[in-house]
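Fold and geometry: a report
In case you want the letters, here they are:
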Amino acid sequence: MRIQLLHFASFRDAVGQESEQLELPDGTRVSELWLALQSRHPYFGAFLTPPPAAVNRDYVPGDRVLSDGDEVAFLPPVAGG
């Protein structure tokens, strides 16, 4: 299956692009996608727990199974003052 992965803020900076299309095995869960990103991009490996995720603009838990054509975004931490 193919998904569209969006990158925001520090995640975009770490990857060097705003979005990418990924081919994933059928049945891939959001948490498994995060693990794959950690192995591809060292920056993501610094996170002890996965950040919040959205699929098709709705917040979802890590056990959500992805479907062909989904749009996925992991929401990077933000700091304020």
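Let me sum up the structure you'll find in this document. (Residues numbered from 1 in each chain as written. Predicted model: local features only at pLDDT ≥ 70, side-chain atom pairs only at ≥ 80, totals over all residues. Heavy atoms only, no water.)

Here the focus is the nonpolar core. In this structure, L5, L33, L66, V72 and F74 are the most contacted members of the largest nonpolar core, which totals 19 residues. Elements represented by at least two residues in this core include exactly β1 (2–6), α1 (9–15), α2 (30–40), β3 (53–55) and β5 (71–74). Examining the composition of this core, we find that four residues originate from one element, α2, more than from any other. If we skip the residues at most four places from it in the chain, L5 touches E18, S19, E20, L22, L33, L37, V72 and F74. (Core = buried A, V, L, I, M, F, W, Y, C linked by side-chain atoms within 4.5 Å. Buried < 20%, exposed > 50% of the residue type's maximum accessible area, 1.4 Å probe, protein only. Helix = DSSP H or I, 4+ residues; strand = E, 2+ residues; numbered from the N terminus. Contact = heavy atoms within 4.5 Å.)

The subject of this paragraph is the packing of aromatic side chains. The relation between two aromatic rings is expressed through the spacing of the ring centres and the mutual angle of the planes. Applying the stated rule across the entire model yields nine aromatic pairs. With 5.5 Å between their ring centres and 80° between their planes, F11 and F47 make a pair best called edge-to-face. You can see F11 sitting in helix α1 and its partner F47 sitting in the loop between α2 and β3, a full 36 residues away along the chain. You can call F11 buried: its relative accessible area is 1%. Centre to centre, the rings of Y43 and F47 are 5.6 Å apart; their planes meet at 75°, and the pair counts as edge-to-face. Members of the aromatic cluster, connected to one another through ring pairs, are F11, W34, Y43, F44, F47 and F74. (Phe/Tyr/Trp six-rings, centres within 6.5 Å; stacked < 30°, edge-to-face > 60°.)

Right, let's get into α2. Residues spaced three or four apart along an α-helix face the same direction, because each turn holds 3.6 residues. When α2 is considered as a whole, its buried residues turn out to be V30, L33, W34 and L37. Down the axis of α2, the smallest arc covering the buried residues is 100°, so these residues share one side. Pointing more than 90 degrees away from the buried face of α2 are the exposed residues L35 and S39. On its buried side, α2 packs onto β1, α1, β2 (19–23), β3, β4 (58–60) and β5. (Arc of directions from axis to C-beta.)

Ordered in space as β2-β1-β5-β3-β4, the five strands form an open sheet in which the pairing is mixed. Each of the sheet's edge strands pairs with one partner strand only, and the pair in question is β2 and β4. Mean inter-strand twist for the sheet, computed between neighbouring axes without regard to direction, equals 35°. Both β3 and β5 contribute to a ladder of three bridges, which runs antiparallel. Within the sheet, the bridge partner assigned to V55 lies in β5 and is V72. (Pairing = 2+ DSSP bridges. Axes fitted to C-alpha atoms, helices over the stretch in contact; angles between N-to-C directions.)

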